[in-house]
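The residues making up each chain are set out below.
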Amino acid sequence: MTLGQILDLAIKIGMQADPRTEKEVLKQLKRIKSNFSKLSPKEREYYPKEKLTNPYPDSLIHSGNPQKKIKKILMTIDVTEAKLLVARELGADAVIAHHPLGKSLALLGDAMKLQFYLYEKYGVPINIIEGINRKKIEEVKRSIHPGNHYLTVDTAKIISANLMNVHTPADNLVYNFLENRIKASKLIFVKDILKMLYEIPEYQEAAKRGSPPKLFAGSGKNHCGKVIASEITGGTDGGSKIYPHLANVGIGSVISMHQSEGHTKEAEKSFINVVVASHIASDSLGMNLFADELEKRGIEIIPTGGFIRVSRIKNKVGETINPV
Ligand SMILES: [Fe+2]
């Protein structure tokens, strides 16, 4: 596969696992293109063109030729300049990180719009979600704005390293995986959610590493009610004012990747139980589901940078390839 085909595959499987239908994702892309066509020539010049073709602008190729054939990938949750050299040392043709950097980090706020559709799916009226999340998206954009986003990207370019990142498509895979697990499990109490997560190898490994699935709000003895994996995809944390509205539409418990203290306090006020699956293990789960697709196509994966590699292909179900 080429570097470009790898990104295309990530986008394709990310769309299949998206809380929206593929039709909805494409409709949104069409809307972006139509808005772009109405811009002035000057505005068009500065517009990040990736947004016109990629529904996940937090996932991009940052350095390298999209036509370059890739056989071995160093896969990491976070990329640093040192990792680019480690990849070279180990003979990897490319580095794929999970977390955004460069332009994909600058555009992270755009990925958060997915949350509008996510919460609408659970029955929260769109006007309420927009009211809460538009403000939050602006907050996130302001907090990201001052960063030196191109620090590692520039190094990748100067040493001609192939570098890309896959963020929301991988998080969509986790969302889909956990929503399916919720449906297949008989969850009665909050402790059953924790038990369900402990059956997943990435979370078992995370527990051994000191970051187990953890109850942040509520009690294990509580009835869990309707459980949703709403805080898994959509860029980063949405607005904390969402919880009373989730309670109003009949949600009892939320599975989250990570949660701020402010969010936990707001969830408690609405008697929503919160189970935090743990961040890096959740990111690993998404990257594993993506890496499996690459392995099936003959690409070798070298896991590093916090990435807990678990392959689910063929006879390797549940095997932790890089145990600590
Ligand atoms: Fe993450």
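Here we summarise the structure given alongside this text. If you're wondering where the values come from, they're calculated on a predicted model, not measured in any experiment.

Section: the overall build of the protein
Reasoning step 1: In terms of regular secondary structure, the protein is built from 16 helices and 11 strands.
Reasoning step 2: Expected size for 324 residues packed as a compact globule is a radius of gyration near 20 Å; at 20 Å, the protein falls within 12% of this value.
Reasoning step 3: A total of 324 residues make up the protein; the buried ones form 54% of that total.
Reasoning step 4: Across the protein, contacts joining residues at least 24 apart in sequence account for 72% of those joining residues at least 6 apart.
Reasoning step 5: A total accessible area of about 14,900 Å² is found for the protein, and carbon and sulfur atoms account for 54% of it.
Reasoning step 6: Treating the 46 positive side-chain charges of the protein as one cloud and the 35 negative ones as another, the clouds have centres 4 Å apart.

As for the coordination of the iron ion
Reasoning step 1: The coordination sphere of the iron ion, as far as protein atoms go, consists of H99 (NE2), H279 (NE2) and D283 (OD), spread over 2.1 to 2.2 Å.
Reasoning step 2: Sequence spacing of the donor residues for the iron ion, all on one chain, is H-x179-H-x3-D. One end of the pair, H279, and the other, D283, are both in helix α16 (residues 279-296), four residues apart, so they sit about a helical turn from each other.
Reasoning step 3: The partly exposed category is assigned to H279, whose relative accessible area is 26%.
Reasoning step 4: For D283, a relative accessible area of 1% corresponds to the buried category.

A look at the pattern of salt bridges
Reasoning step 1: Counted according to the given criterion, the structure contains 15 salt bridges.
Reasoning step 2: For D110, the salt bridge identified is with K51, shortest N-O distance 3.1 Å. Of this pair, D110 sits in helix α7 (residues 108-111) while K51 is found in helix α4 (residues 50-53), placing the two residues 59 residues apart along the sequence.
Reasoning step 3: One salt bridge connects D110 with K113, and the closest N-O pair in it is separated by 3.7 Å.
Reasoning step 4: Overlapping salt bridges, with partners in common, bring together K51, D110 and K113 in one network.

Let's talk about the packing of aromatic side chains
Reasoning step 1: Counting across every chain of the model gives one aromatic pair.
Reasoning step 2: Measuring from ring centre to ring centre gives 5.1 Å for F36 and Y47, while their planes differ by 55°; the resulting arrangement is tilted. Placement of F36 in helix α2 (residues 22-37) and of Y47 in the loop between α3 (41-46) and α4 is noted, with a sequence separation of 11 residues between them. The same class applies to F36 and to Y47, which are both buried.

Observations regarding the sheet that holds strand β9 (residues 300-304)
Reasoning step 1: Judged by pairing direction, the sheet is mixed, and its five strands sit side by side in the order β1-β4-β3-β2-β9 without closing on themselves. Each edge of the open sheet carries a strand with a single partner, namely β1 (61-63) and β9. Mean inter-strand twist for the sheet, computed between neighbouring axes without regard to direction, equals 25°.
Reasoning step 2: Sheet strands touched by helix α5 (residues 81-89): β2 (72-76), β3 (94-97), β4 (163-165) and β9. Its angle to β2, the strand with the most contacts, is close to 150°.

Concerning the environment of L215
Reasoning step 1: Structurally, L215 is set in strand β5 (residues 214-217).
Reasoning step 2: Along the sequence, L215 and P57 sit 158 residues apart, while their C-alpha atoms lie 32 Å from each other.
Reasoning step 3: In this view, L215 contacts V190, L194, G220, V274 and V275; residues no more than four positions away in its chain are not counted.

What counts and what doesn't
Residues numbered from 1 in each chain as written. Predicted model: local features only at pLDDT ≥ 70, side-chain atom pairs only at ≥ 80, totals over all residues. Heavy atoms only, no water. Helix = DSSP H or I, 4+ residues; strand = E, 2+ residues; numbered from the N terminus. Rg over C-alpha atoms; globule rule 2.2 N^0.38 Å. Buried < 20%, exposed > 50% of the residue type's maximum accessible area, 1.4 Å probe, protein only. Contact = heavy atoms within 4.5 Å. Areas by Shrake-Rupley, 256 points an atom, 1.4 Å probe, with all protein chains shown as cover. Lys, Arg positive; Asp, Glu negative; His and termini not counted. Charge placed at Lys NZ, Arg CZ, Asp CG, Glu CD. Donors = N, O, S within 2.8 Å, 3.2 Å for Na, K, Ca; no water. Salt bridge = Lys/Arg side-chain N within 4 Å of Asp/Glu carboxyl O. Phe/Tyr/Trp six-rings, centres within 6.5 Å; stacked < 30°, edge-to-face > 60°. Pairing = 2+ DSSP bridges. Axes fitted to C-alpha atoms, helices over the stretch in contact; angles between N-to-C directions.

None of the figures reported here should be taken as evidence of function without further support.
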